[in-house]
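As a plain string of letters, each chain reads:
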Amino acid sequence: MSQNPILQLQNLSAAYGQSQVLWDIDLNLLPNHAMGLIGRNGVGKSTLLQTIMGTHKVHGGTVIFDGEDVTSLPAHLRARAGIAIVPQGRHIFPHLTVLENLETGLSARGDRGNGKLPEYIFDLFPKLKDVRSRNGGFLSGGEQQQLAIGRALAGSPKLLLLDEPTEGIQPNVVQQIEAAIHTIKTELKVSVLMVEQRIEVVWNIADQFTAMQEGKIILQDDIANMSAEDASNIVRI
Amino acid sequence: PSTSETPTTSDASTVSVGILQSLSGTMAISEITVKNAEILAIEEINAAGGVLGKQITAIVEDGASDPASFAQKASKLIENSNVATVFGGWTSASRKAMLPVFERTNNLLWYPVQFEGNECSPNIMYSGAQPNQQILPAFEWAVDAGYENYFLIGSDYVFPRTANLIVKKHIENKELSLAGEAYVPLGGTDFSGVIAKVQAAKPDIIFNTLNGDSNVAFFKQLKAAGIASTETPIMSFSIGEQEAQAMGPSLVEGSYATWNYFQSLETAENNSFVDAYKAKFGAGAAITDPMVHGYLNVYAWKAAAEKAGTFDVDAVREAVVELEAFSTPMGMVSFADNQSLVQKALIGKLDASGQFEIIADSGDAISPEPYDALTFPGKVCEL
Amino acid sequence: MFKVIDDNARARIARFSEIMNQNPHIQTLVKYAPYILPAIILLAAIAPFLLSDYDLNLLGRFLSLSILALGLVLIWGHGGILSLGQGVFFGLGGYAIAMHLKLADLASGELPDFMVWSGIETLPLLWQPFQNPIFTLLAIVLIPGVFAALFSWLVFNRRVSGTYFALISQALALAFATLLVSRQDWTGGFNGLTNFSTLLGQPLSAASMNYAIYWATLTILCLCFLGLKWLLSSQFGVMLRASRDGENRVRFLGYNPTPIKVFAFSVAAMLAGMSGALFTLHAGNISPAAVGVIPSIEMIIWVALGGRFSLIGAIAGTILINFSRDRISSAFPELWLYFIGALFVLSVTFLPKGLAGLYEKLTTKERDAS
Amino acid sequence: MTNRPLLSVDGVTVDFDGFKALNSFSFILNSGETRVVIGPNGAGKSTLCDTIIGRVRPAEGHIYFEDVEITKMAEQDIVRQGICRKFQAPGVLPELTVSQNLELAAQRQYQWWKSLRQGVSAETRTIVEDMLERIELTHRKNEPAGLLSHGEKQWLEIGMVISTGAKLLLLDEPTAGMGPAETRRTAELIKSLGDSQTVLVIDHDMSFVEQLNASVTVMHQGKFLFQGDIEAVRQDENVAAVYLGKSA
Amino acid sequence: MDSFALISNQIFNGFSVASIFLLAALGLALSFGLMRVINMAHGEMLMLGGYFAFLTMQIIPGGMGLLVALPVAFIGAAATGGLLQTTLISRLAKRPLDTLLATWGVSLILQQASRDIFGAIGVEVQAPTWLDGGIQITEGIFAGVSLPATRLFIIAVAIFVLIGLTLIFRHTRIGLLIRAVNQDRMMAAATGIEVKRADLIIFCLGSGIAGLAGVVLAILGPVTPSVGQSYIVPAFLVVVMGGLGSIAGTTIAALMLGLFSALAQIYVDVSMAQVLLLVFVIIFIQFRPQGVIAQKSRALDV
Ligand SMILES: Nc1ncnc2c1ncn2[C@@H]1O[C@H](COP(=O)(O)OP(=O)(O)OP(=O)(O)O)[C@@H](O)[C@H]1O
Ligand SMILES: Nc1ncnc2c1ncn2[C@@H]1O[C@H](COP(=O)(O)OP(=O)(O)OP(=O)(O)O)[C@@H](O)[C@H]1O
Ligand SMILES: NC(N)=O
Ligand SMILES: [Mg+2]
Ligand SMILES: [Mg+2]
């Protein structure tokens with residue numbers, strides 16, 4: 001483990017107005033690793049991802065990405081630095097076509113790239129090809145989820161933040177998405193930080209896991225060290 | 001502007017008077033010039049020793065182009081600042097709003113602008129033209145010149161509407177014809193529809209009671225539509241030297257206007273007034289009819305107070321109408337029993353320099369008639 | 001500015017200023033907060049003995065305007081409905097009473113002066129019922145209320161709201177003012193209606209009449225204040241805030257938000273109507289200049305400065321701005337527009353909850369600290 | 001009384017610019033039953049809810065609720081007939097408190113003038129207190145609902161929908177974003193409703209569906225595909241092909 | 001001239017009035033679409049355009065002046081709009097109704113400032129001689145119809161702007177990004193789009209177009225501190241009718257209102273036509289509350 005972490009959070013905290021929701025978060029994610037982030041509803045998982053992405057304000061602490069302190073960078077510059085997000089609720093641009101939605105993802109490359117969509121997006125999600133000229137807002141939930149991941153990949157990110165990517169997705173597509181995330185990690189060499197409620201998905205994909213409770217990290221370990229018992233404790237059956 | 005918050009009547013050596021014009025809002029541009037003229041008169045009088053041995057203190061208030069503000073400020077001047085009299089007002093709306101205040105407090109307002117008549121209050125001195133001192137002389141001039149088909153266009157407020165009501169009665173009476181009548185909201189600048197109607201009606205002459213900036217739009221769009229003022233002459237009732245110069249004389253050159261005073265009047269009194277004004281307010285200033293009325297109002301008040309030997313409103317009011325004709329930049333004038341000014345009407349034609357060449361006048365001074373006998377039969381001014 | 005001060009009043013003033021002087025700190029403000037409101041009402045009630053006629057008249061006007069401001073708290077603060085057309089309802093109330101006052105001054109068969117010079121020969125039908133004082137009193141409230149209900153129903157029922165509604169209501173203000181001006185024969189046109197001499201047979205110029213109108217205004221303001229306090233804390237207030245935050249959600253719980261918003265808008269319009277009528281009595285005239293686009297939007301700034309969620313704030317904002325206008329525009333007429341413009345920018349940007357919000361923030365901070 | 005049809009959807013077609021999200025779809029729900037609707041993303045499940053509740057109007061077909069045709073009724077009138085829906089994205093009223101959200105749902109006095117009074121009835125209060133317990137939000141009842149997390153909002157919304165006392169509840173993915181524990185509790189909540197409320201549940205979480213222990217309708221491409229209990233669904237090849245995939 | 005010619009004339013006038021409405025409304029519609037913000041000081045961008053035209057033509061009088069004035073006014077107004085956006089509007093991003101009020105304050109300040117600088121009375125821009133005259137139809141069924149060159153010029157400017165905007169929005173990447181920001185600002189930022197710059201671009205563009213409208217108005221009438229105010233309310237109505245952020249919708253709405261206003265003026269006076277314009281809009285929203293071009297979405301807009 002001599003590698004430098006791709007993402008390093010130190011003492012990170014965040015708040016909504018007066019009420020603080022993240023407290024002193026410390027977290028390291030290694031390159032080409034996937035981390036599963038689990039915890040009950042409302043503990044602040046989405047807030048944490050938003051804070052890393054820069055769409056939510058950092059209240060205190062630092063975010064170091066790829067060796068650089070990005071704490072004070074606005075979201076679009078973090079995107080250009082190589083962070084991409086698939087937010088909870090997907091946030092598809094409803095009045096852009098699927099193709100156009102994907103093309104917006106190219107902005108994250110700044111002036112890099114040739115302005116063309118990477119082919120692997122359609123390899124991962126062949127369905128998107130079929131609906132490419134339909135407005136994003138008209139897609140079903142599963143289609144939108146695939147689109148959201150595709151859009152995030154269009155910018156060739158180094159770190160992909162996934163917020164409950166299987167929420168509301170039909171079982172066989174969940175499998176596809178799982179497979180896709182696996183491919184993204186292993187073949188595209190993208191690090192992944194994934195919030196997920198389905199422990200089995202975390203199990204299948206992640207190398208590390210982190211459990212949160214009330215805005216704090218309570219447990220962090222390699223997935224290999226996580227016993228079934230741990231898993232059930234974490235989610236407090 | 002010189003302002004003061006404190007009542008001053010207790011001071012034995014001065015007398016305060018109010019000046020109430022719009023210093024802000026749409027009317028400010030016109031009314032500030034009247035305020036200037038009134039201030040000029042007060043300063044001249046003070047320099048010459050004041051009135052009844054007292055220096056005049058002018059308390060200036062802003063009517064803000066809003067009738068309710070005029071009423072509010074009038075009562076402030078009278079009740080808080082205890083002024084002896086007030087010079088001010090321009091729009092009829094402001095005058096109408098102030099009238100009850102002056103009647104309630106029995107103070108006196110000196111009003112300087114041409115208006116639609118149909119009013120006479122013991123607490124207002126009307127020095128601006130009554131309809132029979134501006135509109136009707138213009139109409140008679142047009143009739144004499146052989147124009148038969150009249151198009152009336154005005155801003156949508158009381159002066160144009162009433163003036164046109166009177167003109168229409170007279171057109172009917174003379175068995176001439178009305179080509180059309182149109183009103184545009186004050187400040188309106190879209191004349192496309194009106195001009196289409198003018199084109200359709202082909203009038204001999206246009207009587208224009210538009211106010212302010214609407215005139216620019218009207219003349220421009222008329223020109224763009226190919227209606228030349230040489231073919232269809234325009235007689236305006238609210239374009240003075242200031243407006244003409246701001247509009248660019250080339251746009252309005254050759255059109256007519258009727259007033260009781262033009263800057264181009266060649267008299268010694270006028271020349272010295274114009275010089276004094278320019279010396280104080282800048283050589284570029286244009287001098288207009290309402291300014292002269294504002295200026296002469298102050299002198300009339302001084303003369304009346306001196307004749308009465310007091311600033312008491314009732315005494316002053318009685319004294320004004322008994323004054324002999326007095327000399328002003330516009331010639332010899334006097335106040336009639338109905339408290340309006342006896343004055344001549346002048347018809348001018350605009351030249352390239354933004355000045356009016358006086359091409360006709362009414363001859364004798366005209367007695368003011370607040371109610372046009374043809375339009376409002378049986379109405380008389382009872383003071 | 002103090003005119004007559006009797007001993008009683010002197011004592012109260014002394015006590016009030018003692019409170020103010022001794023305790024310059026906010027903490028004490030909190031301590032005395034429960035007494036401030038009664039003290040203000042008391043001061044307002046005895047104002048006729050404290051103020052010059054002119055200042056009393058001004059205060060009367062501003063209290064009248066405050067009634068309209070209360071309505072804005074209801075619709076804008078709690079309903080999320082930004083109306084840039086309150087001048088219309090203000091005008092309807094103002095014109096209603098003005099029409100009555102005009103007619104009351106006339107001998108039978110006579111016409112108001114402006115109708116004569118507009119070439120009208122018989123009293124228009126529209127005017128006739130206003131000869132009746134009872135009808136007029138009802139009209140002051142009901143005409144704005146009904147008209148507002150109709151107008152807002154047409155808009156809200158089609159689920160048009162927010163910025164769109166603001167823009168449409170501004171167009172309404174423009175249309176109303178334009179209509180008033182262009183129907184000179186019915187409305188007095190640009191001049192408006194002015195020169196009233198009697199109210200219910202009593203001469204308006206009498207000092208006792210001034211006091212009576214002032215106290216009537218103060219009483220009506222207090223009643224409206226209490227009424228609105230009740231309304232805002234009722235279930236209706238909850239529904240109104242719910243419709244503001246999630247119109248569709250409310251609909252899918254089985255409620256129709258349209259009548260809720262329409263009712264609120266209509267109540268605000270009735271308040272505006274009363275406000276206009278009282279203002280007309282104090283000012284002695286009503287004209288399109290008081291009801292169009294610009295006055296309508298200025299009404300918003302009173303409430304924005306005072307605090308759009310606070311009834312007291314709205315009253316305070318109204319009085320504060322209007323008094324400053326009287327003072328500033330006399331002293332520096334050309335500065336007034338810069339002042340009011342800057343006030344718009346600054347209060348909206350930095351004080352989204354207005355002075356009331358600021359007060360709340362300061363006092364709760366103090367409380368937390370102690 | 002369980003066999004009287006409460007809702008019948010009769011040959012409904014919904015056309016989005018040529019795309020048929022529902023294609024002559026028919027469907028009957030009996031009073032008191034709990035029905036799960038599953039199907040691939042885009043099968044038309046949410047559209048079915050939209051159509052019942054009046055957000056989307058069908059091009060063809062009719063919808064009857066207790067023998068009253070509701071196909072063309074205004075949304076709030078459909079709700080007043082006794083149908084209430086939870087949306088996929090939680091929709092609570094952010095600036096009202098949690099209690100107030102529930103009160104609004106529970107009091108069911110739909111005429112606006114009836115709201116001109118202070119406070120809510122004792123009956124409403126009881127329903128609300130009870131519901132707060134059930135959705136475990138009692139400790140946050142006086143906080144604005146906007147401050148809740150996504151999952152808490154989901155619960156609140158479920159609570160609101162149940163509190164309306166509607167005869168038919170449409171729950172579109174009620175467990176989206178919930179962990180296993182919450183999911184289980186949601187299932188219990190639904191099962192605890194008993195016969196008084198008929199429930200239509202849409203979800204993709206098979207373990208949740210299993211816990212509900214209800215009859216399952218499978219949709220595909222706007223059409224009916226299969227109907228049966230969960231075991232039968234698992235066995236069906238078509239369902240496996242378009243929906244469940246190899247494992248699950 | 002018969003009434004047929006009057007009607008034909010008014011239809012033509014309607015197109016020119018519609019062009020002004022459109023130029024005045026486009027900027028509003030753009031920023032409303034992107035930020036849900038109505039800039040009440042937009043009328044003052046028209047006014048600035050007018051004064052820029054005046055100043056330009058002081059330096060370059062004659063026929064060329066007007067052609068130079070167009071870009072000058074565009075850039076001048078765009079820069080002012082940009083300044084307004086960065087200093088004020090961006091601060092109020094999440095409070096659209098408050099922005100409306102704050103920008104009204106700006107509008108008052110700008111009006112008073114120009115009154116102090118240029119005087120309350122209007123300044124005048126002289127139309128170049130190549131805009132004198134026009135097309136007068138003297139024969140055929142359209143006899144009596146006159147098409148003044150100034151009005152043809154206005155229509156041409158509007159068409160030019162429309163084509164330009166369409167090209168930008170449909171066929172450039174910047175157009176795509178702006179549409180994305182339009183629909184989901186948070187997500188746009190997360191995909192790497194600089195949202196503030198999109199705002200700024202749209203705001204400058206919209207203000208610039210208003211500046212062009214100001215030049216056009218200067219040909220027709222005086223340039224006064226309040227010139228913007230006289231066109232701003234119809235422009236707002238165009239936005240209301242147009243549908244959210246849609247150029248096509250805005251264009252159609254402007255045409256409908258322009259033609260309606262011109263045709264109404266055949267039968268009623270200008271004041272009444274203004275009143276009827278509002279009545280028309282209110283009736284219109286009974287049928288199409290989402291505006292001429294409605295955008296469909298599945299989002300539950302709670
Ligand atoms: N927009 C907001 N405003 C105020 N508070 C918020 C907001 N969004 C979330 N919160 C608060 O922040 C806390 C954390 O919310 P967050 O959405 O990050 O939780 P989460 O772990 O993602 O939950 P879930 O599993 O339900 O998605 C919640 O308790 C909630 O009260
Ligand atoms: N307003 C619309 N316009 C066009 N197409 C639409 C619209 N609404 C839905 N669709 C299409 O109809 C189909 C059915 O959508 P629906 O949301 O009902 O699916 P679903 O079964 O709920 O899917 P999911 O499980 O992902 O929520 C989808 O393919 C979607 O693209
Ligand atoms: N008296 C006037 N011109 O209003
Ligand atoms: Mg979350
Ligand atoms: Mg769905």
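Residues numbered from 1 in each chain as written. Chains lettered and ligands numbered in written order. Predicted model: local features only at pLDDT ≥ 70, side-chain atom pairs only at ≥ 80, totals over all residues. Heavy atoms only, no water.

### What to know about the packing of helix H2 (residues 42–59) of chain E against helix H3 (residues 63–87) of chain E
All names here are of chain E. Rules: To obtain each axis, a line is fitted to C-alpha atoms, and for helices this fit is confined to the stretch in contact; angles are then taken between N-to-C directions over 0 to 180 degrees. The way it works is that DSSP assigns letters per residue, a run of H or I at least four long becomes a helix, a run of E at least two long becomes a strand, and they are numbered from the N terminus. When describing relative orientation, an angle under 35 degrees is termed roughly parallel and one over 145 degrees roughly antiparallel, while 65 to 115 degrees is termed roughly perpendicular and anything else oblique. Handedness of a helix crossing follows the sense of rotation of the near helix relative to the far helix, less than a right angle counterclockwise being left-handed and clockwise being right-handed. Any two residues whose heavy atoms approach within 4.5 Å are treated as being in contact. Note on residue categories: nonpolar means Ala, Val, Leu, Ile, Met, Phe, Trp, Tyr, Cys or Pro, charged means Asp, Glu, Lys or Arg, and polar means any other residue, Gly included.
At a minimum axis separation of 8 Å, H2 and H3 run at an interaxial angle of 140 degrees. Relative to H3, the element H2 lies oblique. Of the two possible hands of crossing, H2 and H3 adopt the one that is right-handed. For the pair H2 and H3, contact is made by Met45, Leu48, Gly49, Phe52, Ala53, Thr56 and Met57 and by Gly65, Leu66, Val68, Ala69, Val72, Ala73, Gly76, Ala77, Thr80, Gly81 and Leu84, respectively. Within the contact of H2 with H3, the residues separate by chemical class into 12 nonpolar, six polar and no charged.

### Considerations on the coordination of the magnesium ion (ligand 4)
The test is simple: Counted as donors are the N, O and S atoms within 2.8 Å of the metal, or 3.2 Å for Na, K and Ca, while water is not among the atoms, so some sites may look incomplete.
Taken together, the protein ligands of the magnesium ion (ligand 4) are Ser46 of chain A (OG) and Gln88 of chain A (OE1), with distances of 1.8 to 2.2 Å. Residue serine 46 of chain A is found in helix H1 (residues 45–53), and its partner glutamine 88 of chain A is found in the loop between strand S6 (83–86) and helix H3 (98–104); the two are separated by 42 residues along the sequence.

### Details of helix H1 (residues 45–53) of chain D
As a reminder, the rule being used: Relative accessibility under 20% of the residue-type maximum defines a buried residue, over 50% an exposed one, and the middle range a partly exposed one, all with a 1.4 Å probe and only protein chains included.
Summarising burial for H1 of chain D: nine of the nine residues are buried, a large majority. Trailing H1 of chain D by a residue or two, glycine 54 of chain D shows a phi angle of about 95 degrees, which is positive.

### Section: the interface of chain C and chain E
As a reminder of what qualifies: By definition, the buried area sums, over both parts, the 1.4 Å-probe accessible area that each loses when the two are put together. A carboxyl oxygen of Asp or Glu within 4 Å of a side-chain nitrogen of Lys or Arg is what we treat as a salt bridge. Pairs of N or O atoms are called polar contacts if they sit within 3.5 Å, as long as, within protein, a hydrogen donor faces a hydrogen acceptor (for residues adjacent in sequence, only side-chain-to-side-chain pairs).
Of the residues lining the interface, 43 residues belong to chain C; the matching set on chain E comes to 42 residues. Note on chain C versus chain E: buried area summed over both sides is about 3900 Å², and carbon and sulfur give 77% of it. At the junction of chain C and chain E, the tally comes to one salt bridge. Between aspartate 98 of chain E and arginine 308 of chain C there is a salt bridge; the shortest N-O distance is 2.9 Å. At the surface where chain C touches chain E, the tally comes to seven residue pairs in polar contact (both at pLDDT 80 or more). Among the secondary structure elements, those contributing two or more residues to the side of chain C that touches chain E are helix H6 (133–156), helix H7 (162–182), helix H11 (247–251), helix H13 (293–306) and helix H15 (335–350) of chain C. If one sorts the elements of the side of chain C that touches chain E by residue count, H7 of chain C sits on top with 13 residues. Of the residues in the side of chain C that touches chain E, the class split is 28 nonpolar, 10 polar and five charged.

### A word on a nonpolar patch on the surface
Put simply, the rule reads: Within the patch definition used here, like charges are joined within 9 Å and nonpolar side chains (Val, Leu, Ile, Met, Phe, Trp, Tyr) within 5 Å, considering only residues with over 30% relative accessible area and no salt bridge. Note on areas: Shrake-Rupley, 1.4 Å probe, and residue coverage restricted to the protein chains presented here.
A contiguous nonpolar patch, built from Ile134, Leu138, Leu142, Val146 and Leu150 of chain C and spanning about 490 Å² of accessible area, is present on the exposed surface. Tracing the backbone through its elements, the reader meets leucine 150 of chain C in helix H6.

### Observations concerning the site of ligand 1
Which entries qualify depends on this criterion: Definition of nearness: a residue and a molecule or strand are near each other if at least one heavy atom of the residue lies within 4 Å of the molecule or strand.
Taken together, 21 residues lie near ligand 1, and Gly42, Ser46 and Thr47 of chain A together with Leu147 and Gly151 of chain D sit nearest. Within the backbone of glycine 44 of chain A, one N or O atom sits 2.9 Å away from an oxygen atom of ligand 1. Threonine 47 of chain A is positioned such that a nitrogen or oxygen atom in its side chain is 2.4 Å from an oxygen atom of ligand 1. Burial of ligand 1 by the protein amounts to 84% of the accessible area it has alone, namely 630 Å². Only H1 of chain A together with helix H5 (150–163) of chain D provide two or more residues apiece to the shell around ligand 1. By residue class, the composition of the shell around ligand 1 is five nonpolar, 11 polar and five charged.

### A closer look at the sheet that holds strand S7 (residues 177–184) of chain B
Picture the strands of a sheet paired through backbone hydrogen bonds; they go either parallel or antiparallel. Residue and element names in this part refer to chain B. Spelled out, the test is: Strand pairing follows a simple DSSP-based rule, namely that at least 2 bridges must link the two strands.
Spatial strand order, S7-S6-S8-S9-S10-S14-S15: seven strands in an open sheet with mixed pairing. Taken across any chain shown, the strands that pair with only one partner, and hence form the sheet edges, are S7 and strand S15 (356–361). Direction aside, neighbouring strands of the sheet carry axes that sit 25 degrees apart on average. In this sheet, S15 lies alongside strand S14 (residues 346–350) in antiparallel orientation, the contact comprising five bridges. Residue pairing for S15: lysine 349 is matched across the bridge by glutamate 357. Packing against the sheet, helix H6 (residues 192–201) makes contact with strand S6 (149–155), S7 and strand S8 (205–209), and its axis sits at approximately 170 degrees to S6.

### Things to note about a negative patch on the surface
All names here are of chain B. Our working rule: Charge counting follows a simple rule: Lys and Arg are positive, Asp and Glu are negative, and His as well as the terminal groups are ignored. Charge positions are represented by NZ for Lys, CZ for Arg, CG for Asp and CD for Glu.
Together, Asp312, Glu318, Glu322 and Asp337 give the surface a local cluster of negative charge. Note on placement: aspartate 312 falls in the loop between helix H11 (289–308) and helix H12 (313–322). By relative accessible area, aspartate 312 is classed as partly exposed at 41%.

### Overview of the pairing of strand S8 (residues 191–195) of chain A
The side chains of a regular strand alternate between both faces of the sheet. All names here are of chain A. Among the five residues of S8, five are classified as buried, and the element is accordingly described as predominantly covered. Burial along S8 is two-sided: Ser191, Leu193 and Val195 and Val192 and Met194, pointing in opposite directions, are all buried. Of the strand pairs in this sheet, strand S3 (residues 34–39) and S8 are connected by four bridges, and their pairing is parallel. Opposite leucine 37, over in S8, you have valine 195 as the bridge partner. Bridge count between strand S7 (residues 159–163) and S8: five bridges; the pairing is parallel. In the strand pairing of S8, leucine 162 is matched with methionine 194.

### As for the sheet that holds strand S11 (residues 326–328) of chain B
All names here are of chain B. Read across the sheet, three strands follow the order S11-S12-S13 without closing on themselves; strand pairing throughout is antiparallel. Each having just a single partner strand, S11 and strand S13 (341–342) make up the two edges of the open sheet. As paired elements, S11 and strand S12 (residues 331–335) share three bridges and run antiparallel to each other. Looking across to S12, one finds that serine 327 is bridged to methionine 332.

### A word on the packing of H11 of chain B against H12 of chain B
All names here are of chain B. Relative orientation of the contacting elements H11 and H12 amounts to 110 degrees, with a least axis distance of 8 Å. What the angle tells us is that H11 and H12 run roughly perpendicular. Seen from H11, the contacting residues are Trp301, Ala304, Ala305, Lys307 and Ala308; seen from H12, they are Ala315, Val316, Ala319, Val320 and Glu322. Per-class residue counts for the contact of H11 with H12 are eight nonpolar, no polar and two charged.

### Some words on the arrangement of the chains
Most contacts, compared over the seven pairs of chains touching, are made between chains C and E. Nothing in chain B touches chain D, and the closest approach of their C-alpha atoms is 38 Å.

### Concerning the state of the cysteines
Here, disulfide denotes a covalent bond that connects the sulfur atoms of two cysteines. Definition in use: Disulfide: a pair of cysteine sulfur atoms within 2.5 Å of each other.
By the definition in use, this model includes one disulfide over all chains. The disulfide that involves cysteine 120 of chain B links it to cysteine 381 of chain B, with 1.9 Å between the sulfurs. Here cysteine 120 of chain B and cysteine 381 of chain B share a disulfide; its torsion about the S-S bond, 115 degrees, makes the bridge right-handed. Of this pair, cysteine 120 of chain B sits in the loop between strand S4 (109–111) and strand S5 (124–126) while cysteine 381 of chain B sits in the segment after S15, placing them 261 residues apart in sequence. With a relative accessible area of 23%, cysteine 381 of chain B lands in the partly exposed category. No disulfide involves cysteine 49 of chain D; its nearest neighbouring cysteine sulfur is the one of cysteine 84 of chain D, lying 11 Å away.

### Side note on the nonpolar core
Soluble, globular proteins show a tendency: their nonpolar side chains are buried together. For clarity, the threshold we go by: Each nonpolar core is a collection of buried residues, namely Ala, Val, Leu, Ile, Met, Phe, Trp, Tyr and Cys, held together in the definition by side-chain atoms within 4.5 Å.
With 330 residues, the main nonpolar core has Leu7 and Leu193 of chain A, Phe207 of chain B together with Leu156 of chain D as its most contacted residues. Looking at which element gives the most residues to this core, the answer is helix H3 (residues 53–78) of chain C, with 16 residues. Those residues in contact with leucine 7 of chain A that sit more than four places away from it in its chain are Leu27, Asn28, Leu29, Ile52, Val63, Ile64, Leu159 and Leu193 of chain A. By size, the runner-up hydrophobic cluster in this structure holds 99 residues, among which are Val113, Ile153, Met291 and Phe356 of chain B.

### So, the environment of glutamate 139 of chain E
Relative to the helices and strands, glutamate 139 of chain E resides in the loop between strand S1 (134–136) and strand S2 (146–148). Separated by 112 residues in the primary sequence, glutamate 139 of chain E and threonine 251 of chain E place their C-alpha atoms 32 Å from one another.

### Digging into the interface of chain B and chain C
How big an interface is tends to be reported as the loss of accessible area on association of its parts. Contacts between the two partners involve 35 residues from chain B and, on the opposite side, 27 residues from chain C. Both sides of the chain B and chain C interface together cover about 2800 Å² of buried area, and 58% of this is carbon and sulfur. Close ionic contact of aspartate 326 of chain C with lysine 76 of chain B constitutes a salt bridge, the shortest N to O distance being 3.6 Å. Inspection of the chain B/chain C interface yields five residue pairs in polar contact (both at pLDDT 80 or more). Elements supplying a minimum of two residues to the side of chain B that touches chain C: strand S2 (55–62), helix H2 (67–80), helix H3 (92–105) and helix H5 (158–173) of chain B. Class assignment of the residues belonging to the side of chain B that touches chain C gives a composition of 14 nonpolar, eight polar and 13 charged.

### Concerning the pattern of salt bridges
With the rule as written, the count across this model stands at 46 salt bridges over all chains. Between arginine 249 of chain C and glutamate 157 of chain D there is a salt bridge, with the nearest N and O atoms lying 2.2 Å from each other. With arginine 249 of chain C in helix H11 and glutamate 157 of chain D in helix H5, this pair bridges two chains. Arginine 249 of chain C gets classed as buried once you look at its relative accessible area, which sits at 0%. Within the structure, one salt-bridge network assembled from shared partners comprises Glu61, Lys73 and Lys76 of chain B together with Asp55, Asp326 and Arg327 of chain C.

Coordinates in, geometry out; function isn't part of it.
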